[in-house]
Amino acid sequence: MQIKKISTNKTDYTDILLIGDEDEKMINKYIKQSTIFALYENNALTSACAVIQTDNETIEIKNLATYPEYQNRGYATALINFVCNKYKTEFKYLILGTGENNKTLEFYKKRGFQETHRIKNFFIDNYSHPIFEDGKQLKDMIYLKKIL
Ligand SMILES: CC(C)(COP(=O)(O)OP(=O)(O)OC[C@H]1O[C@@H](n2cnc3c(N)ncnc32)[C@H](O)[C@@H]1OP(=O)(O)O)[C@@H](O)C(=O)NCCC(=O)NCCS
């Protein structure tokens, strides 16, 4: 397993980021300021995450995705751990916002994140079309925080 820090040609990773955020316009809002971390297994791209600095003590995961054929092999967990280790001396908190999907919320809570607040109707107000996950329309953005 190899994790590469991507600082140039970041739009080469749009395809995988669309798994975590299906609206390319939304990805384009943060991709320029983001650092992408890309995980490769035997030279094949399996997972990626996009990270930005939100303030002096906080970094934020804007997107985390694993190609379906590589899911449930620990790659996204490895990326979260990598990001935590990389930033823990410089920053206090790792935050992220996600849709109200129990599977996703459980995934992050099991990895040390706690819910902090929600942005009401974020997915309705900011996306050009309704977003459905597991048959349920996403409305609020739930923010979670982990102490580094
Ligand atoms: C969520 C996601 C990044 C996990 O990637 P992964 O490489 O399979 O993760 P890991 O192998 O490290 O961990 C597997 C865990 O993900 C959970 N999982 C599987 N599919 C999932 C899904 N669609 N959504 C959320 N969690 C999922 C598994 O239940 C498992 O949980 P557990 O280990 O706590 O039992 C991946 O499923 C994905 O890209 N989903 C679609 C995009 C998305 O929902 N991104 C998160 C919001 S930004």
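Owing to the predicted nature of the structure, the values given are computational and were not obtained by experimental measurement.

K.L.:
Any details on the overall build of the protein? Residues and values, ideally.
P.N.:
A count of helices and strands for the protein gives five helices and nine strands. The N-to-C order of helical and strand elements in the protein reads β-α-α-β-β-β-α-β-α-β-α-β-β-β. Taken over the C-alpha trace, the protein has a radius of gyration of 15 Å; the compact-globule value for 148 residues is 15 Å, and the two agree within 12%. Seen through its principal axes, the protein has C-alpha atoms that stretch 35 × 30 × 30 Å. The buried share of the protein, reckoned over its 148 residues, is 45%. For the protein, the share of sequence-separated contacts (at least 6 apart) that also reach a separation of at least 24 residues comes to 65%.

K.L.:
Explain unusual backbone geometry to me, using residue names and the numbers behind them.
P.N.:
Although it is not a glycine, Asn9 adopts a positive phi angle of roughly 50 degrees. Among the secondary structure elements, Asn9 is positioned in the loop between strand S1 (2–6) and helix H1 (14–20). Its identity is not glycine, yet Asn72 carries a phi of approximately 65 degrees, on the positive side. Inspection of the secondary structure puts Asn72 in the loop between strand S4 (58–66) and helix H3 (75–87).

K.L.:
Describe the side chain of Thr98, with residues and values.
P.N.:
Considering the arrangement of structural elements, one finds Thr98 in strand S5 (residues 93–99). Looking at Thr98, the relative accessible area reads 12%, which means it is buried. Those residues in contact with Thr98 that lie beyond four places of it in its chain are Thr104, Leu105, Phe123, Asp140, Met141, Ile142 and Leu144.

K.L.:
Would you mind going over the packing of aromatic side chains in detail, with residue names and values included?
P.N.:
Note on aromatic pairs: each is described by the distance of the centres and the angle between the planes. Considering all chains together, one arrives at nine aromatic pairs under this definition. Ring geometry for Phe122 against Tyr127: centres 6.3 Å apart, planes inclined by 70 degrees, an arrangement best described as edge-to-face. A residue is classified by how much of its surface remains accessible, and Tyr127, at 11% relative accessible area, is buried. The rings of Phe37, Phe82, Tyr87 and Phe91 are connected pair by pair, giving a single aromatic cluster. A cation sits over an aromatic face here: Lys145 above Tyr93, 4.0 Å from the ring centre.

K.L.:
Describe the environment of Lys139, naming the residues involved and giving the relevant values.
P.N.:
Its location among the elements puts Lys139 in the loop between strand S8 (136–137) and strand S9 (141–147). Of the residues examined, Lys139 reaches a relative accessible area of 44% and is grouped as partly exposed. For the pair formed by Lys139 and Phe122, sequence separation is 17 residues and the distance between their alpha carbons is 6.1 Å. Non-local contacts of Lys139, meaning those with residues more than four positions away in its chain, are made with Asn121, Phe122, Phe123 and Ile124.

K.L.:
Can you lay out the nonpolar core for me, pointing to particular residues and giving the numbers?
P.N.:
Across soluble globular proteins, you tend to see nonpolar side chains buried next to one another. Core analysis: the largest hydrophobic core is formed by 39 residues, its most contacted members being Tyr13, Ile36, Val51, Leu64 and Val83. Dropping the residues within four chain positions of it, Leu64 is found in contact with Gly20, Ala48, Cys49, Ala76, Leu79, Ile80, Phe107 and Tyr108.

Cut-offs applied
Residues numbered from 1 in each chain as written. Predicted model: local features only at pLDDT ≥ 70, side-chain atom pairs only at ≥ 80, totals over all residues. Heavy atoms only, no water. Helix = DSSP H or I, 4+ residues; strand = E, 2+ residues; numbered from the N terminus. Rg over C-alpha atoms; globule rule 2.2 N^0.38 Å. Buried < 20%, exposed > 50% of the residue type's maximum accessible area, 1.4 Å probe, protein only. Contact = heavy atoms within 4.5 Å. Phe/Tyr/Trp six-rings, centres within 6.5 Å; stacked < 30°, edge-to-face > 60°. Lys NZ or Arg CZ within 6 Å of the ring centre and 35° of its normal. Core = buried A, V, L, I, M, F, W, Y, C linked by side-chain atoms within 4.5 Å.

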